[in-house]
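Each chain is listed here by its residues.
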Amino acid sequence: MKFKQIKENIFYCGLNDADRIIFDELIPLEHGTTYNSYLINGSEKTAIIDTMYPPFTKDYLDNLDDSGVKNVDYIIANHGEQDHSGSIPALLEKYPNAKVVTNNVCKGNIMEMLLVSEDRIIVIKDKETLSLGDKTLEFHIVPGVHWPDTMFTRLIEDNILFTCDFLGAHLPFEELYSKNDDELISCAKRYYAEIMMPFRPMCKKYVKLIDEIKPEIICPSHGPLHDRPEFILDLYRDWASDEPKNLVLIPYVSMYKSVEEMAVYLKEKLESKGVKTLCFDIIESDLGDIAMNLVDAATIIIGVSMVLASPHPAAANVAYIANLLKPKAKFASFIGSYGWGGDLFGKLGGMLSNLKVEVIEPVLVKGKPKEEDYKALDVLVDSVVEAHKKANLL
Ligand code: FEO
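About the thresholds
Residues numbered from 1 in each chain as written. Predicted model: local features only at pLDDT ≥ 70, side-chain atom pairs only at ≥ 80, totals over all residues. Heavy atoms only, no water. Pairing = 2+ DSSP bridges. Helix = DSSP H or I, 4+ residues; strand = E, 2+ residues; numbered from the N terminus. Axes fitted to C-alpha atoms, helices over the stretch in contact; angles between N-to-C directions. Parallel < 35°, antiparallel > 145°, perpendicular 65-115°, else oblique. Left-handed = near helix turned anticlockwise from the far one by under 90°. Contact = heavy atoms within 4.5 Å. Nonpolar A, V, L, I, M, F, W, Y, C, P; charged D, E, K, R; others polar. Polar contact = N/O pair within 3.5 Å; in protein donor to acceptor, adjacent residues only side chain to side chain.

Undergrad: What's the story with the pairing of strand β1 (residues 4–7) in this structure? I'm lost.
TA: Relative to strand β2 (residues 10–12), β1 runs antiparallel, the two being bridged by three bridges. Counted as the bridge partner of K7 is I10 from β2. Where β1 folds back onto β2 in an antiparallel hairpin, the turn is made up of two residues, including N9, whose phi is positive at roughly 70°.

And the structure:
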């Protein structure tokens, strides 16, 4: 594979990993991902921005050889996580004069996680610049999107911003810039839900920083590049805002269809009153689809069967992940069915402690839902509708 040219003397030298099926062993990938790396040939110095996921190190180094890279002076580490910094030791060995350039926090991570020796690292400060001759790199330290060690690198003369994980997507590509907006939105949103949503305040802050920088091209560390920065920035403005949409999300586990009956009933009633509602059978659904809808949902209703006097673990897993991802939902409730007893909602409710939600009275049913249970579900519907109206969503 040869490099892809972004501009004169600026190249994409990353790799697709279309076979990867899950990221962070947490959220499934629909299409795989990419590990983006960039090479800049200045008139005096050559720099690589971000490197490669360790299992692809050989392919990556072969690609550098095939593309005629004889020397690298600087390896810019925008972030210490190994999908981008994992090949730094191999690069340092291949190019013995190269130095890693990074911030102080990332330096510590690289030394601890990759065993890079201190004398091979140059530490930069926020807004410091580094000359490559006719090209200049400027560093912006941006802790929180998504590690404390993260920074952006700006190539001043060409007005290109390398944003590391921020504004990325798990989407392999051949063309540098996606022409399929629907696919890009979907993959970027799934990525945002897993990687960036827990850091919404930081996302808002750094979207504003990028607004000030006004880059011509944004080069993230996963997925296609952005030659229309406003397109991805507008998506992030929406996703990271504090205002949810008029959407109820009902992920449920149903051992004997009772909870499913309740979920379907809620959906029909809520939609008849103008509230968009999505039900996901957790056992059959892609966790990424649930995560994506957590981005917008105003209300989360977890449906759960009792197993061994406790909530079904599949529902507990969704509650745990929702709590980790910190969506902007304003309301939550539960529906559940039990056979012989136990604490169904107490443990689940305790797992949502990160969420700033008002809890709406849940509905607990023994076995199948009966007439009085449907009346309780009607009350739940009315409460959700009222809550959405009060939040100006309906
Ligand atoms: Fe793509 Fe935080 O690494």
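After that view of the structure, there is still more to cover.
Undergrad: What is the right way to read the packing of helix α8 (residues 258–272) against helix α12 (residues 371–390) from this model?
TA: Each pair of packed helices can be described by the angle between their axes along with the distance between the axes. Between α8 and α12, the least distance of the axes is 10 Å, while the angle of their chain directions is 45°. When the interaxial angle is binned, α8 and α12 end up oblique. Our pair here, α8 against α12, has a crossing hand that is right-handed. On the side of α8, the interface is formed by E261, M262, Y265, L266, K269 and L270, while α12 contributes Y374, L377, D378, L380, V381, V384 and V385. When grouped by side-chain class, the residues that make up the contact of α8 with α12 number ten nonpolar, no polar and three charged.

Undergrad: Help me understand the side chain of N78 in this model?
TA: Assignment of secondary structure puts N78 in the loop between β9 (74–76) and α2 (82–85). Here the side chain of N78 touches T153 through a polar contact of 2.7 Å, side chain to side chain. Residues in contact with N78, not counting those within four places in the same chain, are I49, D50, D149, T150, M151, F152, T153, F162 and C164.

Undergrad: Can you walk me through the sheet that holds strand β15 (residues 160–164) in this structure?
TA: Two modes of strand pairing occur in sheets, parallel and antiparallel, and in both the strands are linked by backbone hydrogen bonds. Strand order in this open sheet of five strands is β12-β13-β14-β15-β16, and the pairing throughout is mixed. Two strands close off the open sheet at either side, each with one partner strand: β12 (129–131) and β16 (217–220). On average, each strand axis in the sheet is inclined to that of its neighbour by 20°, with strand direction left out of account. Bridge analysis of β12 against strand β13 (residues 136–141) gives three bridges, and the strand direction is antiparallel. Following the sheet pairing, S131 is matched in β13 by T136.

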